[in-house]
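One letter stands for each residue in the lines below.
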Amino acid sequence: MSIAIIGGSGLTQLTTLGEANTVSQDTPFGAHSEGVCRFQVNNSDVIFLPRHGDQHQSPPHGVNYRANLWLLKSLGITKIIACNVVGGINDNMPPKTLVVPHQIIDYTWGREHTFFDGKNTVMKGVEHIDFTYPYSEALRQRMLSFFEQAGIDHLNYGTYGCTQGPRLETAAETQRLENDGCDIVGMTAMPEAALARELEIDYASLSLVVNWAPGLAEEELSMEVIMQLVASEMKKVCDFFPNLLKFLELDH
Ligand code: HPA
């Protein structure tokens, strides 16, 4: 099994998979995030890549997504589970909901978002990939089966609106996202998902709701409350990772 976990906010180190070896390599697209490591799980390699760095050094728009995805491809990764923390927009998605999104709307700008830029020397040419369904349906379904058999509450759908950040949205922007059909909002799904597709790596997301999107809650947004929830909910995710990986391995 050649699987990678991309950690987001609150998941900068993975402590539940045992001993790790650090991985660091040059890529044609510059430096990848710091803190990448390799674990042996059930005799297979699993790569953990904390997208913001192991000390949460990079903001969402500052992550070198191309270097990260290139690194994973060069390590032979064929499947990625990406962890994202998000705000809930849909009434069914309050804080603490685990969402396995099925769609994305991209509101980001100015990020290096494609390998097919016609300029680099390793991915020559210009290609227009099919991105109708941005997440791998096969990998999504495997994760959903795991949650069902493990009795872990989750939702099997959600349109992820990806904003630029690092600031949170205005109330009017949240309203616009809702009108557009977004169920959750975060800052990191793109261009990561598209770059994975360009490299033909199966990609699915575990999106953890940690607040109501700005403007939707009665009480004021408190970063302190959000960060507490990020920590406690991500711990739960860390705890089920060994079993999720074992379950996915049965495929191979
Ligand atoms: N908006 C954008 N990104 C986020 C949010 C939010 O409300 N919560 C966690 N990540």
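Residues numbered from 1 in each chain as written. Predicted model: local features only at pLDDT ≥ 70, side-chain atom pairs only at ≥ 80, totals over all residues. Heavy atoms only, no water.

1. Section: the packing of aromatic side chains
Stage number 1. For the structure on display, the rule yields 9 aromatic pairs.
Stage number 2. With a centroid separation of 5.4 Å and an interplanar angle of 75°, the aromatic rings of Phe 147 and Phe 240 are classed as edge-to-face. Of this pair, Phe 147 sits in helix H2 (residues 137-150) while Phe 240 sits in helix H5 (residues 223-249); the two residues are 93 residues apart in sequence, bridging distant segments of the chain.
Stage number 3. For Phe 147, a relative accessible area of 0% puts it in the buried group.
Stage number 4. A relative accessible area of 10% places Phe 240 in the buried class. (Phe/Tyr/Trp six-rings, centres within 6.5 Å; stacked < 30°, edge-to-face > 60°. Helix = DSSP H or I, 4+ residues; strand = E, 2+ residues; numbered from the N terminus. Buried < 20%, exposed > 50% of the residue type's maximum accessible area, 1.4 Å probe, protein only.)

2. Points about H5
Stage number 1. For H5, built from 27 residues, the straight-helix expectation of 39 Å at 1.5 Å per residue is met to within 8% by its first-to-last C-alpha distance of 37 Å.
Stage number 2. At Phe 241, H5 shows its largest bend, some 40°, and a proline, Pro 242, comes one to four positions later. (Expected span 1.5 Å × (residues − 1). Bend = angle between axes of the 7 residues up to and from the residue.)

3. Quick word on the pattern of salt bridges
If the charged atoms of two oppositely charged side chains come close together, the side chains can form a pair.
Stage number 1. Summed over the entire model, instances satisfying the criterion amount to 9 salt bridges.
Stage number 2. One salt bridge in this structure joins Asp 45 and Arg 38, with 3.5 Å as the shortest N-O distance.
Stage number 3. A residue is classified by how much of its surface remains accessible, and Asp 45, at 30% relative accessible area, is partly exposed.
Stage number 4. Notably, a salt bridge pairs Glu 233 with Lys 236, separated by 3.0 Å at the nearest N-O pair. Taken together, the residues Glu 233 and Lys 236, both in helix H5 and 3 residues apart, mark about one turn of the helix.
Stage number 5. Residue classification places Glu 233 among the buried residues on the basis of a relative accessible area of 5%.
Stage number 6. Within this structure, Arg 66, Glu 112 and Asp 117 form a network of salt bridges that share partners. (Salt bridge = Lys/Arg side-chain N within 4 Å of Asp/Glu carboxyl O.)

4. Side note on the site of the ligand
Stage number 1. Around the ligand sit Val 85, Val 86, Gly 87, Leu 168, Glu 169, Val 185, Gly 186, Met 187, Val 210, Asn 211 and Pro 214, and those are all the residues in its vicinity.
Stage number 2. Between the ligand and Val 85 there is a distance of 3.3 Å, counted from a nitrogen atom to a backbone nitrogen or oxygen.
Stage number 3. One of the backbone nitrogen or oxygen atoms of Gly 87 is found 3.3 Å away from a nitrogen atom of the ligand.
Stage number 4. When the free accessible area of the ligand is taken as 260 Å², the share hidden by the protein chains comes to 92%.
Stage number 5. Looking at the shell around the ligand, the elements that each hand over two or more residues are strand S5 (79-88), strand S9 (184-186) and strand S10 (202-212).
Stage number 6. A total of 3 residues in the shell around the ligand trace back to one element, the largest contributor, which is S5.
Stage number 7. Taken together, the residues of the shell around the ligand break down into 7 nonpolar, 3 polar and 1 charged. (Near = heavy atom within 4 Å. Polar contact = N/O pair within 3.5 Å; in protein donor to acceptor, adjacent residues only side chain to side chain. Areas by Shrake-Rupley, 256 points an atom, 1.4 Å probe, with all protein chains shown as cover. Nonpolar A, V, L, I, M, F, W, Y, C, P; charged D, E, K, R; others polar.)

5. Side note on the pairing of S5
Stage number 1. Of all 10 residues that make up S5, 10 are buried, and the element is covered over most of its length.
Stage number 2. Across 4 bridges, strand S1 (residues 3-7) lies against S5 in parallel orientation. Note on S5: the bridge partner recorded for Ile 5 is Ile 81.
Stage number 3. Bridge count between S5 and S10: 10 bridges; the pairing is parallel. Each residue of the ladder has a partner; that of Gly 87, found in S10, is Asn 211.
Stage number 4. Bridge analysis of S5 against S9 gives 2 bridges, and the strand direction is antiparallel. Bridge pairing in S9 places Gly 87 opposite Val 185. (Pairing = 2+ DSSP bridges.)

Geometric descriptors of this kind do not, in isolation, establish any biological role.
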